[in-house]
Amino acid sequence: MIDLKDLRENPDKYRNGTRDKCMDVDIDRLLALDEGRRAIVTRLETARSEQNRISKEVGPKIGQLKGKLKAAAGDEKDRLEMEIAALEARPSELKALVTEEERHLAAIEPEFKALWLQVPQPPSPDVPKGKGSEDNQEIRRWAPSNWDFTKTFAENRGFKPRTHLELVRMHGLVDFERGVKMSGTRHYVLTGLGMRLHQAVLRYAVDFMADKRGFSPMGIPVIVKEECMVGTGFFPAGREQAYHIEESKRGSGHDLYLTGTGEVGLMGLHADEILSHEQLPLKYCTVSTCFRREAGAAGKDTAGLYRIHQFDKVEQVVVCKADDAESRAWHKQMMESVEMILQSLGLAYRLLQCCTGDLGVKNEDMIDIESWMPGRGEVGKDGAPTGEFGETHSASRLNDFQCRRLNLRYKDADGKTRFAYALNNTVAASPRVLIPLLEMHQQADGSVVIPEVLRGYMGGIAKIG
RNA sequence: GGUGGGGUGGCCGAGCGGUUGAAGGUACCAGUCUUGAAAACUGGCAGACUCGUCAGGGUCUCGAGGGUUCGAAUCCCUCCCCCACCGCCA
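Residues numbered from 1 in each chain as written. Chains lettered and ligands numbered in written order. Predicted model: local features only at pLDDT ≥ 70, side-chain atom pairs only at ≥ 80, totals over all residues. Heavy atoms only, no water.

Draft legend 1. Broad picture of the overall build of chain A. Each helix and strand counted, chain A has 14 helices and 18 strands in total. In terms of C-alpha radius of gyration, chain A reaches 29 Å, well past the compact-globule figure of 23 Å for 465 residues. Projected onto its principal axes, the C-alpha positions of chain A cover 110 × 45 × 45 Å. Buried residues in chain A amount to 49% of all 465 residues. Look at the contacts in chain A between residues 6 or more apart in sequence, and 71% of them connect residues 24 or more apart. Summed over its atoms, the accessible surface of chain A is roughly 22,200 Å², and 50% of this surface lies on carbon and sulfur atoms. Charge centroids of chain A, computed over 66 positive and 70 negative side chains, lie 2 Å from each other. (Helix = DSSP H or I, 4+ residues; strand = E, 2+ residues; numbered from the N terminus. Rg over C-alpha atoms; globule rule 2.2 N^0.38 Å. Buried < 20%, exposed > 50% of the residue type's maximum accessible area, 1.4 Å probe, protein only. Contact = heavy atoms within 4.5 Å. Areas by Shrake-Rupley, 256 points an atom, 1.4 Å probe, with all protein chains shown as cover. Lys, Arg positive; Asp, Glu negative; His and termini not counted. Charge placed at Lys NZ, Arg CZ, Asp CG, Glu CD.)

Draft legend 2. Broad picture of the sheet that holds strand 15 (residues 417–419). Strand order across the open sheet formed by three strands is 8-14-15, with mixed pairing between neighbours. Each edge of the open sheet is held by one strand with a lone partner, namely strand 8 (274–276) and strand 15. Strand after strand, the sheet turns through a mean of 35° between neighbouring axes, direction not considered. Sheet topology note: the strand 14 (residues 409–411)/strand 15 ladder contains three bridges and is antiparallel. Bridging from a neighbouring strand, Arg409 pairs with Phe419 of strand 15. (Pairing = 2+ DSSP bridges. Axes fitted to C-alpha atoms, helices over the stretch in contact; angles between N-to-C directions.)

Draft legend 3. Region of interest: the sheet that holds strand 5 (residues 223–225). Read from one edge to the other, the open sheet built from three strands follows the order 5-7-6, with strand pairing classed as antiparallel. Of all strands in the sheet, those bounded by a partner on one side alone are strand 5 and strand 6 (244–245). Bridging between strand 5 and strand 7 (residues 256–258) involves three bridges; their strand directions are antiparallel. Its bridge partner being in strand 7, Ile223 is matched across the sheet by Leu258.

As structure tokens, this is what we get:
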């Protein structure tokens, strides 16, 4: 949610921001509604003020007279009734006025609020302009010493790669058929070592964040109220992506939603709170199951573990002071954590600066980290896939957009209450990350070497197959 | 699921139609006193919105929403949530 005052003062910032994000929100309509709303509020409050004043003045008198009225009869009664009517005339008039203005307000409020929620956070000025993912810019790439991006997999390793689909079948790591049997398309079952590898990655990631990076691990709800979804900025725009539990239809409670990321639970923690500046920055991580409907992705990445409805993700979140430099510093640190993890896992990756058109509503800056997945992409001359980068991480700076919606504030050293800045980044999402992990560490015979850092989490197993 | 009891400021707690945005306590902050601290005393201590160049006004908020009333924390309706016990149960 954006600052309305700022919108009034710098409408172009929001007009341009919306345009650069390739979104369509009628800023001028919002400004007009805002102006109309304020005019009504002013009139309404003036009337109320007058009403309150008079009520205090003549109220007790009316009460007294009404008391006398009960005992009165005849002329005395008529006289009292007239007196009461005279005293009530002005308050009644004001009441009608208030009611009318309230009606006006109620008439524009829903549209006003809906529109307000839709205005995106303007991109940071240094984010490159662009229409979509095709305009994202590579910042840099990294590969382990035994990998050369300019060569094919076969040239690097001396044999043709198998895709992760072939590898998981070969070693019985995933059972897609039974997953689909139970839950439908894009579902799967992790089996045996597949499950252990999945858990090993997650546990390694959590421990890394906690032990090496000072993040507090949290267990958070993945089933939340609508206000958490709105507060974190996933609603209203992402409504179609969330599974909806219609508890209200069963006659009790309220509806709930399954979260698509641990970010919701981590950021929701301190909603409606005013923290002390000494409590900041908050550094949280969690491992949580993520649910995504993948609406609109029909036919996309249907095979394998890439795009699925349910997965587990270690997520990191930072809530810091409202300071651009600090936010940027944390952004770097959070990405550094990911790079350390990817490097320790022996995965090749690149950092992609997302362009304005590829940003969501809530972020002002986003850097994706894509891991090299040898089994993806076109089939090359040698009959093997040429490989492709696939998104495994996404690091966002949200400015105060999310904290405004969540009403998450802090009292600064100078005593001023401010909305905090928020950031988030994936630490490890599995099973997606198993794709590069299996494909990069496969051997000529199809066996897969487990990176050393994971072995302790797998009972010392060094190799699958 | 059943029965009962509740939701008031950071916390505890009074109020149950009018000067109560809310007593009192406690916590917190500042000051006086003190060598320092404690105690005591004094003062401060909610948030949002809105009008105003400033000073300063105003409106709203006592779980939420609606209603009654000239006027509601107080009365009525609907909903939500919490606690206790019983039942069921991972």
